[in-house]
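Observations on the model geometry
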Amino acid sequence: MSTAPSPTTSAGISAREAEQVERANAAGTTPVLFVHGLWLLPGSWDRWAELFEAAGFSALTPGWPDDPETVEQAKAMPDVFAGKGVGQVADHVDAIVARLDRKPAIVGHSFGGLLAQILAGRGRSLATVAIDPAPFRGVLPLPISALRSASGVLRNPANRNRAVPLTYEQFRYGWGNALPEDEARTLYETYSVPAPGAPLFQAATANLNPRTEVKVDTENPDRGPLLIVSGEKDHTVPWAIANASYKRQKRNPGVTEIVEMPDRGHALTIDAGWREVADKALAFVQRFA
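Description of the structure in this document. A quick note: this is a predicted structure, and the numbers were derived from the prediction, not measured. (Residues numbered from 1 in each chain as written. Predicted model: local features only at pLDDT ≥ 70, side-chain atom pairs only at ≥ 80, totals over all residues. Heavy atoms only, no water.)

1. As for the overall build of the chain
- Secondary structure summary: the chain contains 11 helices and 8 strands in total.
- In summary, the chain has a C-alpha radius of gyration of 17 Å against a globular reference of 19 Å for 289 residues, a match within 12%.
- With respect to the principal axes defined by its C-alpha atoms, the chain has extents near 45 × 45 × 40 Å.
- Once local pairs closer than 6 in sequence are excluded, the contacts in the chain between residues at least 24 apart make up 77%.
- Element-wise, carbon and sulfur atoms account for 51% of the exposed surface of the chain, whose accessible area totals about 11,700 Å². (Helix = DSSP H or I, 4+ residues; strand = E, 2+ residues; numbered from the N terminus. Rg over C-alpha atoms; globule rule 2.2 N^0.38 Å. Contact = heavy atoms within 4.5 Å. Areas by Shrake-Rupley, 256 points an atom, 1.4 Å probe, with all protein chains shown as cover.)

Put into structure tokens, the structure is as follows:
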């Protein structure tokens with residue numbers, strides 16, 4: 001099996017991403033971009049993409065720059081993830097949006113939820129759903145569970161320039177704490193890949209660095225409608241962080257809503273209850289598409 005990342009075009013967009021853009025433009029329907037966060041790949045959105053396609057949207061699942069095609073490839077060549085920062089990934093997704101004939105809705109999870117808000121703040125989104133989104137500059141709460149979830153990366157400054165995998169114990173605490181043991185183990189083996197350490201360091205210092213890339217224009221009137229989804233039992237992005245993000249976003253003149261999913265952890269987009277979360281996101285996007 002080849003372990004090379006997906007081939008890229010001259011613009012740095014992968015061949016897979018370019019094909020999805022072409023297909024969406026040919027369909028003439030509203031595009032929806034699904035943006036993953038750390039420790040996942042675009043394939044983690046496959047079931048969501050099928051659901052939204054069935055509802056009449058064109059689904060796109062952009063990767064981060066140099067994302068391998070499969071979990072097996074990602075584990076075989078972890079160094080391809082190293083050094084990717086929030087600004088680089090936001091610009092990569094923005095470049096894909098720029099190729100679309102119609103303004104898309106954007107759905108993101110974790111750091112993908114942060115990226116979705118960054119793009120919305122640039123006026124690039126028709127409607128945005130940020131699921132358990134990583135915090136941005138101005139979001140102040142630092143719950144102990146969030147610090148513990150990030151500690152595996154942050155405790156070693158050298159990890160800023162490395163790709164760092166989660167151990168199963170770290171995944172179990174940060175992602176699978178609301179799941180049965182066997183499901184948590186299966187999700188870890190099926191989906192979890194190494195991730196760049198840089199975004200976690202950027203988020204950790206965002207409120208100390210006025211020039212940080214981890215910032216969102218929450219007041220842009222072109223931001224569009226925004227829904228924040230929070231898992232009640234999420235250790236990685238607890239309610240305190242999600243709600244603080246919501247309060248910052250409420251300054252926007254557009255529709256801004258938040259919903260808490262009972263008994264759900266950070267794995268809520270990939271676990272057995274994914275459909276309940278996806279239906280919430282779909283209903284929100286359908287209101288404004």
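2. Considering helix H4 (residues 86-98)
- Spanning 13 residues, H4 covers 18 Å between terminal C-alpha atoms, matching the ideal 18 Å at 1.5 Å per step.
- Val86, Gly87, Val89, Ala90, His92, Val93, Asp94, Ile96 and Val97 are the residues of H4 that are buried.
- Where the residues of H4 are buried, they touch helix H1 (15-27), strand E1 (31-35), helix H5 (111-121) and helix H9 (198-204). (Expected span 1.5 Å × (residues − 1). Buried < 20%, exposed > 50% of the residue type's maximum accessible area, 1.4 Å probe, protein only.)

3. Quick word on the layout of surface pockets
- One number sums up the size of the largest pocket: a volume of about 460 Å³.
- Pro135, Leu142, Ala150, Leu200 and Ala203 are, among the 27 residues lining the largest pocket, the residues nearest its centre.
- Where the lining of the largest pocket is concerned, the elements lending two or more residues are helix H6 (144-154) and H9.
- Here the lining of the largest pocket takes 5 residues from H6, the largest share from any one element. (1 Å grid on protein atoms, 1.4 Å probe; cavity = no way out; pocket = protein on both sides within 12 Å on 5 of 7 lines; lining within 4 Å. Points joined across faces, edges and corners; volume = space filled by probe spheres on them.)

4. Notes on the environment of Gly112
- Locating Gly112 in the fold gives a position in helix H5.
- Between the C-alpha atom of Gly112 and that of Ser125, which follows or precedes it by 13 residues, the distance is 14 Å.

5. Considering the sheet that holds strand E4 (residues 128-131)
- Read from one edge to the other, the open sheet built from 6 strands follows the order E2-E1-E3-E4-E7-E8, with strand pairing classed as parallel. Lying at the two open borders of the sheet, with one neighbouring strand each, are strand E2 (58-60) and strand E8 (256-261). Across the sheet, the mean angle from the axis of one strand to that of its neighbour is 15°, orientation sign disregarded.
- With 3 bridges joining them, E1 and E2 adopt parallel strand pairing. In the sheet register, Pro31 faces E2, and the bridge partner there is Ser58.
- Against the sheet, H5 makes contact with E1, strand E3 (105-109), E4 and strand E7 (226-231), and its axis sits at roughly 150° relative to E3, the strand it touches most.
- The strands that helix H11 (residues 274-288) touches are E1, E3, E4, E7 and E8; relative to E8, the one it contacts most, it runs at about 165°. (Pairing = 2+ DSSP bridges. Axes fitted to C-alpha atoms, helices over the stretch in contact; angles between N-to-C directions.)

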